[in-house]
Amino acid sequence: MKLTDLPYLTRKTSRGKVYWYFRRAGSYVALPDPTAPDFLARYEAARRGGSAPREAGRTWRALIADYRRSPEFAALAPRTRADYDKVMEWVLDTMPGLEPARMDQPTVIRARDANAHRRRFADYIVQVLKLLFAHAIRIGWMTHNPARGVKPLPRGKHEVDLHGPWPRWAQDAYRAAAAYGSPERTGFELAVGVSQRIGDTLAMRWDQLGPDGFEIVQSKTATALLIPPTRELADYIAGLDRRGTTIVSADDGGPLGYSGFAKRFRAARAAAAGALREARRESDALLMERLTVHGWRYTVAVEMAEAGASDDEIAAVTGHKTSAMLRKYAGAARQKVRAKAGQGKRNG
C-alpha cells in the first residue's frame, strides 16, 4: 500500500524534521513515522476516532485542546511551548466556557491591561491570543482576529527598561558579588561573552568549545552558530575546573536548571545591590535590584553597536533574524555612535 492511498494522511516539515498527522475536519492527530511497526494501527485508530475526544462546543477549552494537537504547536521549541502553556492555562482559569468568537479587540486590551503588573506576561497574553484566534480561523470557527493590531503595553516616558542592557557599573558590581567559579558568575560571564538566551547558556557543554569558539545551536530558532569568546570570557574559563559536562554546573558537577540558577542569581544581585547601598549609591542599588538575566543579551548587542559593529556582525553573534530585533537591541547605542561621529565632523 502506498502512503498516497491513505486518506487524510498529512505530512509536515518543520526545521528539517518531518511530522505525520491524520487530519480531518480541521483536527490533527499525531502519528509515528510510516516506517514504525505500529503506524497502520495508529492510523486506523485515528480514522475510527480513537484519539483524545474533542471538547464539546466552540469554547476556549476546546480551541486550546485543538491547538495543542496542531503541527504548529508541535513545531515550537520546548521553552516556547512552556511559555505559551502558561498563558493558555491562564485563559482556561479565567474564561474556559466562553466562546472565542464572541471576543472583540477591547476585551483583548482589557485582558492585557488587567495583567499590567506583570508586563512580560501581559504582552504574552496578546501574543498567544493572536495565535489562538489565528488557529480558530484556520479550523473555521472565526473569520477575524480580535488580537490583531493590539500592541504591547506602552512604556512610561521615563520608565527604565529593566530587561535592557546592564551598565558597566552594574556588571562590575555583580562580578564583585558573585565568586569566581560559582554557577551564578560563570553563567553571567558566558551570557555576556556569547549573547545567548539563558536556557542555551546553561546547557552549553565543554565539548562545544573548539579552537575557533563555541559551536551552538539555539533551542528557540535552531540556528547554528560558531562564536569566538571575548578575551574577557576566554581568560575567565581558562581557569575553571572542568568537573562537569556543562560549563555552568551545580555543586555536584551536574547540570544546573533555570530555577536553580535563578535562585543563585537573585542572591548575587541582592548582594551587589547591598554593596552599592553601603557605598551610598541608593539609586544604583534600586536599579540593580530590578535588572534581569535577559538584559545580559541586550548588553552584548549594545556593546557591539557602540564598538561600531554592523547589523550583520551583531546578528552573527546573537542569532537574531530580523532587523527589527536588532534595532530594538542596538538602535539607541548606534544612534549615540552616529551622533558622536557627526558632531566630530562638525568640530573638524
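Residues numbered from 1 in each chain as written. Predicted model: local features only at pLDDT ≥ 70, side-chain atom pairs only at ≥ 80, totals over all residues. Heavy atoms only, no water.

For the protein chain, the name recorded in an unreviewed UniProt entry is Tyr recombinase domain-containing protein, with Paracoccus sphaerophysae as its organism.

What about the pattern of salt bridges?
Scanning all chains against the criterion turns up 16 salt bridges. For arginine 69, the salt bridge goes to aspartate 66, with nearest N and O atoms at 3.3 Å. Residues aspartate 284 and arginine 281 are paired through a salt bridge, measuring 3.0 Å at the closest nitrogen-oxygen approach. The buried category is assigned to aspartate 284, whose relative accessible area is 19%. By relative accessible area, which is 33% here, arginine 281 ends up partly exposed. (Salt bridge = Lys/Arg side-chain N within 4 Å of Asp/Glu carboxyl O. Buried < 20%, exposed > 50% of the residue type's maximum accessible area, 1.4 Å probe, protein only.)

Points about the packing of helix 13 (residues 295-306) against helix 14 (residues 311-318)
For the pair helix 13 and helix 14, the least separation of the axes is 10 Å and the interaxial angle reads 155°. In this view, helix 13 runs roughly antiparallel relative to helix 14, as classed from their interaxial angle. Judged by the twist between their axes, the crossing of helix 13 over helix 14 is right-handed. On helix 14, the residues touching Arg297, Val300, Ala301, Met304 and Ala305 of helix 13 are Glu313, Ile314, Val317 and Thr318. Its residues assigned to classes, the contact of helix 13 with helix 14 shows six nonpolar, one polar and two charged. (Axes fitted to C-alpha atoms, helices over the stretch in contact; angles between N-to-C directions. Helix = DSSP H or I, 4+ residues; strand = E, 2+ residues; numbered from the N terminus. Parallel < 35°, antiparallel > 145°, perpendicular 65-115°, else oblique. Left-handed = near helix turned anticlockwise from the far one by under 90°. Contact = heavy atoms within 4.5 Å. Nonpolar A, V, L, I, M, F, W, Y, C, P; charged D, E, K, R; others polar.)

Observations regarding the sheet that holds strand 5 (residues 213-217)
With antiparallel pairing, the three strands of this open sheet are ordered in space as 4-5-6. Two strands lie at the open edges of the sheet, namely strand 4 (209-210) and strand 6 (224-227), each paired on one side alone. Two elements, strand 4 and strand 5, share two bridges in a ladder whose sense is antiparallel. Along strand 5, the bridge assignment pairs leucine 209 with phenylalanine 214. (Pairing = 2+ DSSP bridges.)

Section: the environment of methionine 88
With respect to the helices and strands, methionine 88 occurs in helix 4 (residues 78-94). For methionine 88, a relative accessible area of 0% translates into the label buried. A C-alpha to C-alpha distance of 8.5 Å links methionine 88 and leucine 129, two positions 41 residues apart in sequence. Other than its neighbours up to four places away in sequence, methionine 88 contacts Ile64, Tyr67, Arg68, Phe73, Val128 and Leu132.

Quick notes on the pairing of strand 6
Regular strands place side chains that alternate from one sheet face to the opposite one. Residues of strand 6 alternate between two faces, with Leu225 and Ile227 buried on one and Ala224 and Leu226 left unburied on the opposite face. One ladder, built from four bridges, connects strand 5 with strand 6; its direction is antiparallel. Bridge pairing in strand 6 links glutamate 215 to leucine 226.

What about the packing of aromatic side chains?
The relative placement of two aromatic rings is captured by the distance of their centres and the angle of their planes. Scanning the model with the defined rule gives 15 aromatic pairs in all. Centroid distance tyrosine 174 to phenylalanine 188: 5.0 Å. Interplanar angle 45°. Geometry classified as tilted. On the criterion of sequence distance, the pair formed by tyrosine 174 in helix 7 (residues 168-177) and phenylalanine 188 in helix 8 (residues 183-194) is long-range, its members being 14 residues apart. The class for tyrosine 174 is buried, based on a relative accessible area of 0%. Feature note: the residues Trp166, Tyr174, Phe188, Phe261, Phe265 and Trp296 constitute an aromatic cluster, connected by ring pairs. Positioned over the ring face of phenylalanine 121 is arginine 118, at 4.2 Å from the centre of the ring. (Phe/Tyr/Trp six-rings, centres within 6.5 Å; stacked < 30°, edge-to-face > 60°. Lys NZ or Arg CZ within 6 Å of the ring centre and 35° of its normal.)

A look at the confidence of the model for the protein chain
When the pLDDT values of the protein chain are averaged, the result is 82; 84% of them are 70 or greater. Predicted confidence in the protein chain is weakest over helix 15 (residues 323-347), with a mean pLDDT of 65, and strongest over helix 7, with 95. Across residues 51-55, confidence stays below pLDDT 50; counting only partners more than four residues off in sequence or on other chains, it has eleven contacts. (pLDDT = per-residue confidence, 0-100.)

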